[in-house]
Amino acid sequence: MKRFAVIGLGRFGQMLAVTLAKSGAEVIAVDKDRDIIEAIRDEVSHAVRLDSTDEEALRAQGVNEVDVAIVGIGQGRGGQGFESAILTVVNLRQMGVKNIYARAENRISGEVLSKVGAIEVIYPEVESAQRWAYRLIAPQVGEKIDFAPGYSLARIKAPPSFNGKSVSELQLRQEYNVNIVAIKRAEAAKFVSGEMDEIINVPRAETVIYSGDILMVVGSDADIARLPHE
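Figured I'd write up the structure that's included with this text. (Residues numbered from 1 in each chain as written. Predicted model: local features only at pLDDT ≥ 70, side-chain atom pairs only at ≥ 80, totals over all residues. Heavy atoms only, no water.)

**Topic: the environment of Met15**
(1) Moving on: Tracing the backbone shows Met15 in helix H1 (residues 11-22).
(2) Moving on: Overall, the relative accessible area of 61% leaves Met15 in the exposed class.
(3) Moving on: As for Met15 and Ile209, which are separated by 194 residues in sequence, their C-alpha atoms are 40 Å apart. (Helix = DSSP H or I, 4+ residues; strand = E, 2+ residues; numbered from the N terminus. Buried < 20%, exposed > 50% of the residue type's maximum accessible area, 1.4 Å probe, protein only.)

**Considering the nonpolar core**
What tends to happen in soluble globular proteins is that the nonpolar side chains get buried as a cluster.
(1) Moving on: Grouped together as the largest cluster of nonpolar side chains are 26 residues, with contacts concentrated most on Ile7, Val63, Val71, Leu92 and Leu113.
(2) Moving on: Those elements that provide at least two residues to this core are strand S1 (3-7), strand S2 (26-31), helix H3 (55-60), strand S4 (68-71), helix H4 (80-94) and strand S5 (99-103).
(3) Moving on: Apart from the residues lying within four places of it in its own chain, the contact partners of Val71 are Ile7, Ala85, Thr88, Val89, Leu92, Ile100, Tyr101, Ala102 and Arg103.
(4) Moving on: Counting 20 residues, the second-largest nonpolar core is a separate cluster that includes Ala138, Val217, Ile224 and Leu227. (Core = buried A, V, L, I, M, F, W, Y, C linked by side-chain atoms within 4.5 Å. Contact = heavy atoms within 4.5 Å.)

**A closer look at the pattern of salt bridges**
(1) Moving on: This model, assessed by the stated rule, comprises 10 salt bridges.
(2) Moving on: In this structure, Glu26 engages Arg3 in a salt bridge whose closest nitrogen and oxygen atoms are separated by 3.2 Å. Remark: Arg3 occurs in strand S1 and Glu26 occurs in strand S2; sequence separation between them is 23 residues.
(3) Moving on: Residue Arg59 is joined to Glu55 by a salt bridge in which the shortest nitrogen-to-oxygen separation is 3.1 Å. With a gap of four residues between them, Arg59 and Glu55 both fall in helix H3, about one helical turn apart.
(4) Moving on: On the basis of relative accessibility, which here comes to 33%, the residue Arg59 falls in the partly exposed class. (Salt bridge = Lys/Arg side-chain N within 4 Å of Asp/Glu carboxyl O.)

**Overview of helix H5 (residues 107-116)**
(1) Moving on: Ser109, Gly110 and Leu113 are the residues of H5 that are buried. Looking straight down H5, one finds that the buried residues subtend no more than 100 degrees of arc, so they occupy a single side. Facing away from the buried side of H5 by over 90 degrees, the exposed positions are Ile108 and Lys115.
(2) Moving on: Taken together, the buried residues of H5 touch H4, S5 and strand S6 (120-122). (Arc of directions from axis to C-beta.)

What follows is the structure, given as structure tokens:
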């Protein structure tokens, strides 16, 4: 079982700690606020009130033995939170924690945290805004997995305009520079097509698509967003 330390229990830190714990991980939740610690105590393996800039206090709670540490300290306007986040990352690195993730509010803060020891920086506000912007621009896209900057594997529901047309007739590659890599047949489509297979891997040019089918497509985010949804 992996052991995690989540340090800084704002909205992001609390949700992350509880989600990890519900997934079966051992979680040490750390914050300076007594009320926050009391509120989360029953939802994680261990909740402790301490100052994460104190290396000895972290060691006393076994934080040096975790597999992954996430520093989610809010940085605020006065700069004290950011200073605490930096010192916490430095402490974790000195204690030998190899996998350190840190939350940052902007790219400049993220670069600093990376230089002092964070292997990856999390930008929850930026990433959330980007996801929502894309969701609003491309409501036809259900879920997507980013595998390179600007490129994704996405799930879309075949619109009525696709009904009864083959892959070659739709010309998604030619018109939108998007490729279909798999199809999940809708129940109604299985009845119409007479096919028993629910999943069609690597559809052929002659494969017919029906309204309601779930299509897994790959391409740039901009091209996927242009796909029709009616």
